[in-house]
Amino acid sequence: MTATYRNLEELYPVLNARRFTAGWHKARPSLWPEPHTPFAALHWRYEEATEYLDRAGDWIGTDLAERRNLLMFNPVGDNDYASLPTLVAAYQMIKPGEAARAHRHSPNALRLILDAEPGAATVVDGVQLPMERGDILLTPGWTWHSHFNETQANAYWIDVLDVPLVHRLESMFFEPHPDEHQPVYTRPATSPWRFTLHDQAQLLAEEPWRATDHRAVTLDTPDMKTMQLRVHEFKVHGRLPDERVVENRVFAVIEGAGEVQVGDTRHRWQRGDVFVVPMWRWHRLEATSHARLLEVSDAPVHHMLGLFRREERVGQS
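Everything quoted here is computed from the prediction, not taken from an experiment.

Colleague: When you look at the sheet that holds strand β17 (residues 257–262) in this model, what are you seeing that I'm missing?
Modeller: For sheets, the rule is that strands pair by backbone hydrogen bonds, running either parallel or antiparallel. Spatially, β18-β17-β20-β15-β22 is the arrangement adopted by the 5 strands of the open sheet, whose pairing is antiparallel. The strands lining the two open edges of the sheet, one partner per strand, are β18 (265–270) and β22 (310–312). Neighbour to neighbour, the strand axes of the sheet diverge by 25 degrees on average, direction disregarded. When strand β15 (residues 239–245) meets strand β20 (residues 283–287), the two strands line up antiparallel, connected through 3 bridges. Opposite glutamate 243, over in β20, you have histidine 283 as the bridge partner.

Following this line, the structure appears as structure tokens:
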């Protein structure tokens, strides 16, 4: 027998029980005029992170933790992991004589080395890569990777991964190495997975300075399909224009100092600091000294899907 309903108010609970939503009676909108996000523009200080990591190093070792790291999270709802909807940044440290055991996972990862003496290294699929100050090292998804420190000083770096994106896609795989520490097969002088300070300088030298005393280069990272890596260089008072873009951006300071304005929020940054600019937020960045920054974004995802947009303030250059 076909049920009869006298009005919509009687029909709505039946639809809900059958897992239907009336498109004209949604509890919240599914379309909106432009991107918006609850993620905030935040700033984390390297000098604070080293203090916390040093103290934690007294109590937690690589035998007890997969990685000794400090995740930089954005306080959105119950989130205690992601820095941005698709990216997470973290400070990591290993002490002298330690080795972080090998594992592999679906997400892509990279690290910017902040402080390390000769004798600290990352191993990626059996390829040993030195970790020297200013190096950018790549760990493409599903490559074995591990770290060790054979020096007399702590080694510190910044990790950036696309784990939050993989979480949302629900395509996560993770595997610890069966032997805990992977073998080293080669120690090449150069590698497509390593960009030294010298490499960065050479690439930047091929780019012209803009009128804003800024230049930038996109690193060639074909194995990292979800993340774009750009190195920015600024003269004193060099700047990025006031703009907003359809991408989420993590900035890590390789050297120098400056300021970033995101909406009404202003942060002063210096070497080793990290700050994030969420999608479609007006922002302006200016260096107060000669500076170099690494930018990691999810731009390739938006370009691939035809969603990328960029706007610049009228009258800005």
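Colleague: Would you take a moment to explain the sheet that holds strand β4 (residues 99–105) for this structure?
Modeller: Overall, antiparallel pairing links the 5 strands, which are arranged β7-β6-β9-β4-β11 in an open sheet. Only two strands of the sheet have a single partner each, and these edge strands are β7 (127–130) and β11 (174–176). In this sheet, adjacent strand axes meet at a mean angle of 25 degrees when their direction is disregarded. As judged from the 3 bridges shared by β4 and strand β9 (residues 145–149), these two strands associate in the antiparallel manner.

Colleague: Sorry, what's going on with a nonpolar patch on the surface here?
Modeller: Together, Met304, Leu305 and Leu307 line one region of the surface with nonpolar side chains, adding up to about 340 Å² of accessible area. Relative to the elements of secondary structure, leucine 305 occurs in the loop between α5 (299–304) and β22. On the basis of relative accessibility, which here comes to 55%, the residue leucine 305 falls in the exposed class.

Colleague: Can you walk me through the side chain of histidine 214 in this structure?
Modeller: Within the element layout of this structure, histidine 214 appears in strand β13 (residues 214–218). Judged by relative accessible area, which is 0%, histidine 214 ranks as buried. Here histidine 232 takes part through its side chain, which lies 2.9 Å from a polar atom of the side chain of histidine 214.

Colleague: Help me understand unusual backbone geometry, please; the structure alone is not making it clear to me.
Modeller: Most peptide bonds adopt trans geometry, and most residues besides glycine take a negative phi value. Phi is positive for glutamate 170, close to 60 degrees, though the residue is something other than glycine. Relative to the helices and strands, glutamate 170 resides in the loop between α3 (163–169) and β11.

Analysis parameters
- Residues numbered from 1 in each chain as written.
- Predicted model: local features only at pLDDT ≥ 70, side-chain atom pairs only at ≥ 80, totals over all residues.
- Heavy atoms only, no water.
- Pairing = 2+ DSSP bridges.
- Helix = DSSP H or I, 4+ residues; strand = E, 2+ residues; numbered from the N terminus.
- Axes fitted to C-alpha atoms, helices over the stretch in contact; angles between N-to-C directions.
- Patch = residues over 30% accessible without salt bridge, like charges linked within 9 Å, V, L, I, M, F, W, Y side chains within 5 Å.
- Areas by Shrake-Rupley, 256 points an atom, 1.4 Å probe, with all protein chains shown as cover.
- Salt bridge = Lys/Arg side-chain N within 4 Å of Asp/Glu carboxyl O.
- Buried < 20%, exposed > 50% of the residue type's maximum accessible area, 1.4 Å probe, protein only.
- Polar contact = N/O pair within 3.5 Å; in protein donor to acceptor, adjacent residues only side chain to side chain.

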